[in-house]
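Examining the three-dimensional arrangement
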Amino acid sequence: MPRQDVAKKIGLLDKIKQQTRNNGQRWLVEITGLAKTTISRLIKQENELQEEWAQSEGRKGPSKERKREGKDPDVDESLNEWVAIVTGRAMRVSGSVLKCKAKELAKKLSHDDFRATDGWLSRWKSRHDIKFKKAHGEKESAHCAGAKEWKSSKLPDFLKVFQQMTIYNADETGLYYPATPDGSLSYKHVAFSGSKKAMHRVTVLCCSNMSGTDKGRMLVIGKSIKPRSCKGLRMDSLPIVYRANRNAWMSTELFKEWLKDWNTELQWLKFIPLKEKKFTLLMNLLS
């Protein structure tokens, strides 16, 4: 049997042996991505695989591909067990989440000198064959040659009569507030599948000037006129402007209302001299 295949099977055996006896066959199938019969066959062949690996080590010496053990093996393995649990539940895991969890585990294990650096995280992922996977492919990028040409040739001439503090940009976006990330860190040998995306959303319109000295209140458009989470609150006291319609979309009426309010607010800006109060608003096409 090729040496790489033996190493791979021994690695799978190590993961199987790390699990407690209370974990059933279904759990082992989830964390290894193997069929039940394959797992049983691997366990039966453990002695043969170990002997074959030892012979291979004797012929070729220490493997250059051998992965070094971390300085804090108990933190290392505790984090690995935690990742196996959460990825088995189809939860999303990022690098920052792993570092925070590693610090938490190190504190519980009294490793006060432990540091979850980016280098440590990279080595830990390499030791446990973990990489980032996306549940869905990215959408095809839009063709922007025309936009680049306009930006380089037309836009500078248009903006040269304005100061940075009087050039504004506004854009809307959909905020899917209960949605989970598209990707997650996971084991290489474990299949990663996506789930149905949460479609609850609000529309948010943001506006700011080029210098960053004036950031207007965001316009948030939801479906409920009085959201349950805002019970007992005055809607006009919120740090945002909230409006509602059936689809939580930007409409012509809502945009006209926002534009009039924005224009009125500009007249009261004290940091812009009266003679300089000539503004421009750059926007993408709204939905």
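Figured I'd write up the structure that's included with this text. A quick note: this is a predicted structure, and the numbers were derived from the prediction, not measured.

Quick notes on the side chain of His-128
Counting through the fold element by element, His-128 comes out in the loop between α7 (118-127) and β1 (130-134). There is a polar contact of 3.5 Å between the side chain of His-128 and the side chain of Asn-80.

Observations regarding the nonpolar core
Ranked by size, the top nonpolar core spans 19 residues in total, and within it Leu-79, Val-83, Leu-98, Phe-114, Trp-120 and Trp-124 carry the most contacts. Among the elements of the structure, α5 (73-88), α6 (95-108), α7 and β3 (183-187) are those that each provide at least two residues to this core. The dominant element in this core, judged by the number of residues it contributes, is α5, at 5 residues. Beyond its immediate stretch of four places on either side in the chain, Leu-79 contacts Leu-98, Lys-101, Ala-102, Leu-105, Trp-120 and Trp-124. Of all hydrophobic cores here, the second largest spans 14 residues; its members include Tyr-168, Val-241, Leu-266 and Leu-269.

Here's the deal with the pairing of strand β4 (residues 202-209)
Each regular strand carries side chains that alternate between the two faces of the sheet. Burial analysis of β4 places 6 of its 8 residues in the buried class, which makes it a mostly covered element. The sheet contact formed by β4 and strand β5 (residues 219-222) spans 3 bridges and is antiparallel. Considered in β5, the bridge of Leu-205 is made with Leu-219.

A closer look at the packing of α5 against α7
As a packed pair, α5 and α7 sit with axes 11 Å apart at the nearest point and diverge in direction by 65°. By the criterion of interaxial angle, the relationship of α5 to α7 is roughly perpendicular. Taken as a pair, α5 and α7 cross one another with a handedness that is right-handed. Judged by residue contacts, Asp-76, Leu-79, Asn-80 and Val-83 of α5 engage Trp-120, Trp-124 and Arg-127 from α7. Here the residues of the contact of α5 with α7 are counted per class, giving 4 nonpolar, 1 polar and 2 charged.

Re the sheet that holds strand β6 (residues 241-244)
Taken in spatial order, the 5 strands of this open sheet run β6-β5-β4-β2-β7, and their pairing is mixed. In the strand order of this sheet, the two ends are held by β6 and β7 (280-283), each with one partner. For this sheet the average axis-to-axis angle between neighbouring strands, irrespective of direction, equals 20°. Relative to β4, strand β2 (residues 167-175) is paired through 8 bridges, and the arrangement is antiparallel. Looking at β4, one finds that Gly-174 is bridged to Thr-203. Across the sheet, helix α10 (residues 252-266) is in contact with β2, β4, β5, β6 and β7; its angle to β7 comes to roughly 145°.

Thresholds applied
- Residues numbered from 1 in each chain as written.
- Predicted model: local features only at pLDDT ≥ 70, side-chain atom pairs only at ≥ 80, totals over all residues.
- Heavy atoms only, no water.
- Helix = DSSP H or I, 4+ residues; strand = E, 2+ residues; numbered from the N terminus.
- Polar contact = N/O pair within 3.5 Å; in protein donor to acceptor, adjacent residues only side chain to side chain.
- Core = buried A, V, L, I, M, F, W, Y, C linked by side-chain atoms within 4.5 Å.
- Buried < 20%, exposed > 50% of the residue type's maximum accessible area, 1.4 Å probe, protein only.
- Contact = heavy atoms within 4.5 Å.
- Pairing = 2+ DSSP bridges.
- Axes fitted to C-alpha atoms, helices over the stretch in contact; angles between N-to-C directions.
- Parallel < 35°, antiparallel > 145°, perpendicular 65-115°, else oblique.
- Left-handed = near helix turned anticlockwise from the far one by under 90°.
- Nonpolar A, V, L, I, M, F, W, Y, C, P; charged D, E, K, R; others polar.

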